[in-house]
Amino acid sequence: DAKTTQPTSMDCAEGRAANLPCNHSTISGNEYVYWYRQIHSQGPQYIIHGLKNNETNEMASLIITEDRKSSTLILPHATLRDTAVYYCIVRARPDNTDKLIFGTGTRLQVFP
Amino acid sequence: AAGVIQSPRHLIKEKRETATLKCYPIPRHDTVYWYQQGPGQDPQFLISFYEKMQSDKGSIPDRFSAQQFSDYHSELNMSSLELGDSALYFCASSLFGQGYEQYFGPGTRLTVT
């Protein structure tokens, strides 16, 4: 699996968009980008995943660059409940049962 | 909606004792994963099962063993406990074909004294 690099921490004002970057320059053609988050000591939670097109769901948007070497997770209107560690994970096909390999992640602090 | 159930939620054991953690996946989910998260660390994959067969293995100590039963629940057995085994243990489940979304349980906090 390709290695990912994320900033250690970020701050965001409540109500503003939180943009979390991830570099995955060694991603291969069959690997997807996944985002999970972990609110303090809770089980990680799936957010979104994508291959090369931008994706959006009720939680967030995922923007993947054309060369697929980096991506950005966007939380459009951050709330205090979005304070968590966000993990960018690169992994093969989404329909299989592969494990998740968690890197260091970005600790997002949303402030009032 | 039903979630992944883990029991017990908290467990305190002494060194060299044995512990058994249980995981009940979301109904219809056929795959179970176990992860370990030490204090201040990120979750690390231990082992997974698909349709009651071991499907993958991570850095799980030989002192640990796990299995998935016919009703799809899973148990992680840990023997000769060491202080370093103190951690949060998460179980996750998924449905083959939708493996992008692993649903995590609330975790079992194991403290070894």
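Figured I'd write up the structure that's included with this text. (Residues numbered from 1 in each chain as written. Chains lettered and ligands numbered in written order. Predicted model: local features only at pLDDT ≥ 70, side-chain atom pairs only at ≥ 80, totals over all residues. Heavy atoms only, no water.)

So, the interface of chain A and chain B
Facing 21 residues of chain A, the contacting portion of chain B comprises 23 residues. Buried surface at the junction of chain A and chain B, both sides included, amounts to about 1700 Å², of which 54% is carbon and sulfur. Taken as a group, Thr 97, Lys 99 and Phe 102 of chain A account for 32% of the area that chain A buries against chain B, more than any other trio of residues on that side. If you look at where chain A meets chain B, you find 1 salt bridge. The partner of Lys 99 of chain A in a salt bridge is Asp 56 of chain B, and the shortest N-O contact between them spans 2.9 Å. There are 6 residue pairs in polar contact (both at pLDDT 80 or more) connecting chain A and chain B. Taken together, the elements giving at least two residues each to the side of chain A that touches chain B come down to strand 3 (32-38), strand 4 (45-50) and strand 8 (84-91) of chain A. Counting residues per element, the side of chain A that touches chain B draws most heavily on strand 3 of chain A, at 3 residues. Classifying every residue of the side of chain A that touches chain B by side-chain character gives 8 nonpolar, 9 polar and 4 charged. (Contact = heavy atoms within 4.5 Å. Buried area = accessible area lost by both parts, 1.4 Å probe. Salt bridge = Lys/Arg side-chain N within 4 Å of Asp/Glu carboxyl O. Polar contact = N/O pair within 3.5 Å; in protein donor to acceptor, adjacent residues only side chain to side chain. Helix = DSSP H or I, 4+ residues; strand = E, 2+ residues; numbered from the N terminus. Nonpolar A, V, L, I, M, F, W, Y, C, P; charged D, E, K, R; others polar.)

Side note on the pattern of salt bridges
Oppositely charged side chains can form a pair if their charged atoms are brought close together. All names here are of chain B. Evaluation of the coordinates by the stated rule reveals 6 salt bridges over all chains. Ionic pairing is found between Lys 52 and Glu 51, a salt bridge with its closest N-O pair at 4.0 Å. By relative accessible area, which is 35% here, Lys 52 ends up partly exposed. For Glu 51, a relative accessible area of 32% corresponds to the partly exposed category. Where salt bridges share partners, they join Arg 63, Glu 82 and Asp 85 into one cluster. (Buried < 20%, exposed > 50% of the residue type's maximum accessible area, 1.4 Å probe, protein only.)

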